[in-house]
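# Architecture and fold: a report
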Amino acid sequence: MEEERNIPDAENDEQEHIIPDLRPKGFTEYVGQKQVVETLQIAVKAAKKRDDVLDHVLLYGPPGLGKTTMAHIISNELGVPLVHTSGPALEKGGDLISILTHMKYGNVLFIDEIHRLPKVVEEFLYSAMEDFAVDIIFDKGMNARSYRAKLEQFTLVGATTRAGLLSPPLRERFGIQRSLDFYTDEQLQKVIIRSAAILEVEIDADAAIEIAKRSRGTPRIANQLLRRVRDFAQVRAEGRITRQVSYDALLLEGIDEMGLNLFDVRFLNIIIDFYNGGPVGLEAIAATLQEETDTLIDMVEPYLLKAGLLMRTSSGRKVTGLAYSHLKKTPPKKSSVQLELPK
Ligand code: ADP
């Protein structure tokens, strides 16, 4: 059914094309992630003071938490241009080399989804990051010759949803490595109030917290829900977003008070109804949902785990008591059969 495939859209940034100005432009506008901001603020300031190039930065965490935004802030604060690419877009070594050879001193190269970089491309990055040089090989076999091309010094900012998939040699070349965490409701409320001001829509503080609570700890989702609620307010409530308006609009979107959408509910229900609450392997759940396991790992599970609705055990995924009570289901009774232990 169409609406049941309503995966939280934290990956697809449709909103950026319509309302590009929601992205904070500087460290002071960036809500939350205090320690990450402070680390980067110091590193940027120090690099500028020494007239040096900023160390390479690796940012990791679930989609929509502000990795791309932070990469842009780093380049803004350094006052240098940013080149934006992604792991899957760099198919051959030549794709990366042509970008690197055009980089100017101190510029920022941002590679999103860096864990999806093909191995052949990744290998060029090692010397580029460490020695600011790439070894280009001409011909093959007996005639093979290599030529070392020097590059201008640059800063690589890598973003990934799966730090664990990064090979150690690549990971070790990042001088600064930081993970972004889910945001609190109060931080998301700030994001929403800030975005509403940019969108020129009036919003009450208690309406913003109502939206924040359903945003799965993710600013991108908060902004997406704000747009839906704004549409609803404009059509049904003279444009002002009150608590009642946000409540009604989000109900219509099929999002419950914990921020779960129909897909999350279906995910949990499958474990409960088909697998007795688990443990069950993720592949089995993915097959039942007809969804990619990677999508479930990146976009669905992190929030369910964080919200305490799901557990990862050595034998598979298991729903928690909270999931049963939230979905108003009765947990299975513990087996009444007692195991006879050998004497
Ligand atoms: P990621 O790269 O981690 O997937 P993005 O940087 O694209 O996430 O962030 C998604 C959207 O959420 C941005 O367009 C921005 O509007 C908003 N956003 C992210 N982080 C913050 C933040 N700390 N403060 C305010 N808005 C944010």
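The numbers attached to residues start from 1 for each chain and follow its sequence in the written order. Per-residue local features of the predicted model are confined to residues with pLDDT of at least 70, and side-chain atom pairs are confined, for both listing and counting, to 80 or more; whole-chain, interface and lining totals are unaffected and use all residues. Side-chain descriptors were evaluated using all non-hydrogen atoms of the structure, hydrogens and water having been removed beforehand.

### Considerations on the packing of helix α7 (residues 185–199) against helix α9 (residues 219–236)
Axes are the key here: two packed helices are described by the angle between their axes and the distance separating the axes. In the contact formed by α7 and α9, the axes pass within 10 Å of each other and the chain directions differ by 50°. Our classification of the angle between α7 and α9 gives oblique. Crossing geometry of α7 relative to α9 is assigned as right-handed. Side by side, α7 and α9 meet where L188, V191, I192, S195, A196 and L199 of the first sit next to P219, A222, N223, L226 and R230 of the second. Amino acids outside the nonpolar list (Ala, Val, Leu, Ile, Met, Phe, Trp, Tyr, Cys, Pro) and the charged list (Asp, Glu, Lys, Arg) are all regarded as polar, and Gly is one of them. In terms of residue class, the contact of α7 with α9 is built from 8 nonpolar, 2 polar and 1 charged. The angle between two axes is taken between their N-to-C directions and runs from 0 to 180 degrees, where each axis is a line fitted to C-alpha atoms and a helix contributes only its stretch in contact. Note on conventions: DSSP H or I runs of at least 4 residues are helices, E runs of at least 2 residues are strands, and numbering of each starts at the N terminus. Each angle receives one of four descriptions, namely roughly parallel if under 35 degrees, roughly antiparallel if over 145, roughly perpendicular if within 65 to 115, and oblique otherwise. Helix crossings get a hand from a simple test, with the near helix turned counterclockwise from the far one by less than a right angle marking a left-handed crossing and a clockwise turn marking a right-handed one. In this analysis, two residues are considered to be in contact whenever any of their non-hydrogen atoms come within 4.5 Å of each other.

### Some thoughts on the nonpolar core
Ranked by internal contacts, the top residues of the largest apolar core, which has 73 residues, are L40, M70, I74, I203 and F267. Take this core: its biggest share by element is 7 residues, from α9. Apart from the residues within four sequence positions on either side, F267 is in contact with L282, I285, L289, L296, V300, E301, L304 and L310. Here the nonpolar core consists of buried residues drawn from Ala, Val, Leu, Ile, Met, Phe, Trp, Tyr and Cys, with membership extended through side-chain atoms lying within 4.5 Å. Buried, partly exposed and exposed residues are distinguished by accessible area as a fraction of the type maximum, computed with a 1.4 Å probe on protein chains only: under 20%, between the cut-offs, and over 50%, respectively. One finds M103, L125, Y126 and L156 within the second-largest nonpolar core, a separate group that totals 25 residues.

### Observations regarding the domain arrangement of the chain
Size of an interface, as often reported, equals the accessible area lost when the parts are brought together. Assigned domains within the chain: domain 1 (5–179), domain 2 (185–252) and domain 3 (262–326). When each unit is reduced to the centre of its C-alpha atoms, the spacing between domain 1 and domain 3 is 32 Å. An automatic or database domain assignment supplies the residue ranges for each domain.

### Regarding the packing of aromatic side chains
For this analysis, a ring pair means two rings from Phe, Tyr or Trp (six-membered ring only for Trp) whose centres lie within 6.5 Å, classed as stacked if their planes differ by under 30 degrees, edge-to-face if by over 60, and tilted for the remaining angles. By the definition in use, this model includes 3 aromatic pairs. Arranged with centres 5.5 Å apart and planes meeting at 85°, the rings of F132 and F154 form a pair that is edge-to-face. Of this pair, F132 sits in the loop between α5 (119–131) and β4 (133–138) while F154 is found in the loop between β5 (145–150) and β6 (155–160), placing the two residues 22 residues apart along the sequence. Residue classification places F132 among the buried residues on the basis of a relative accessible area of 14%. Aromatic pair F274 and Y275: ring centres 6.4 Å apart, planes at 35°, arrangement tilted.

### Brief notes about the environment of K34
As for its placement among the helices and strands, K34 is situated in helix α2 (residues 34–50). Residue classification places K34 among the exposed residues on the basis of a relative accessible area of 67%. Note: C-alpha distance between K34 and L180 (146 residues apart in sequence) is 9.8 Å.

### Topic: the pairing of β4
Put simply, side chains in a regular strand alternate between the two faces of the sheet. In this scheme, strands are said to pair when DSSP sees at least two bridges between them. Pairing analysis gives 6 bridges linking β4 to β5, with the strands arranged antiparallel. When the bridges of β5 are listed, D135 appears paired with R148. Connecting β4 to the next strand, β5, in antiparallel fashion are 6 residues, including D139 with a positive phi near 60°.

### A look at the pattern of salt bridges
We define a salt bridge as a side-chain nitrogen of Lys or Arg found within 4 Å of a carboxyl oxygen belonging to Asp or Glu. Under the criterion given, the structure shown has 20 salt bridges. R240 is the partner of E202 in a salt bridge, and the nearest nitrogen-oxygen pair spans 2.5 Å. On the criterion of sequence distance, the pair formed by E202 in the loop between α7 and α8 (205–213) and R240 in the loop between α9 and α10 (243–252) is long-range, its members being 38 residues apart. With relative accessibility at 33%, the residue R240 sits in the partly exposed group. For R228, the salt bridge is made with D231, and the minimal N-O distance between the two is 2.7 Å. Of this pair, R228 and D231 are both found in helix α9, 3 residues apart, which corresponds to roughly one turn of the helix. Overall, R228 belongs to the partly exposed group, its relative accessible area being 30%. Salt bridges sharing common partners tie together D131, D135 and R148.

### Looking at α2
Take the number of residues in a helix, subtract one, and multiply by 1.5 Å to get its expected span. Here α2 contains 17 residues, and its C-alpha end-to-end distance of 24 Å stays within 8% of the 24 Å for a straight helix at 1.5 Å per residue. Where α2 is concerned, the buried positions are V36, V37, L40, A43, V44 and A47. End-on view of α2: buried residues confined to an arc of 135°, all on one side of the axis. What points out from α2, more than 90 degrees from its buried face, is the exposed set K34, Q35, I42, K45, K49 and R50. On its buried face, α2 sits against β1 (57–60), α3 (67–78) and β7 (176–179). Positive phi appears at D51, one or two residues downstream of α2, with a value of about 60°. The reported arc concerns the directions from the helix axis to the C-beta atoms and nothing else.

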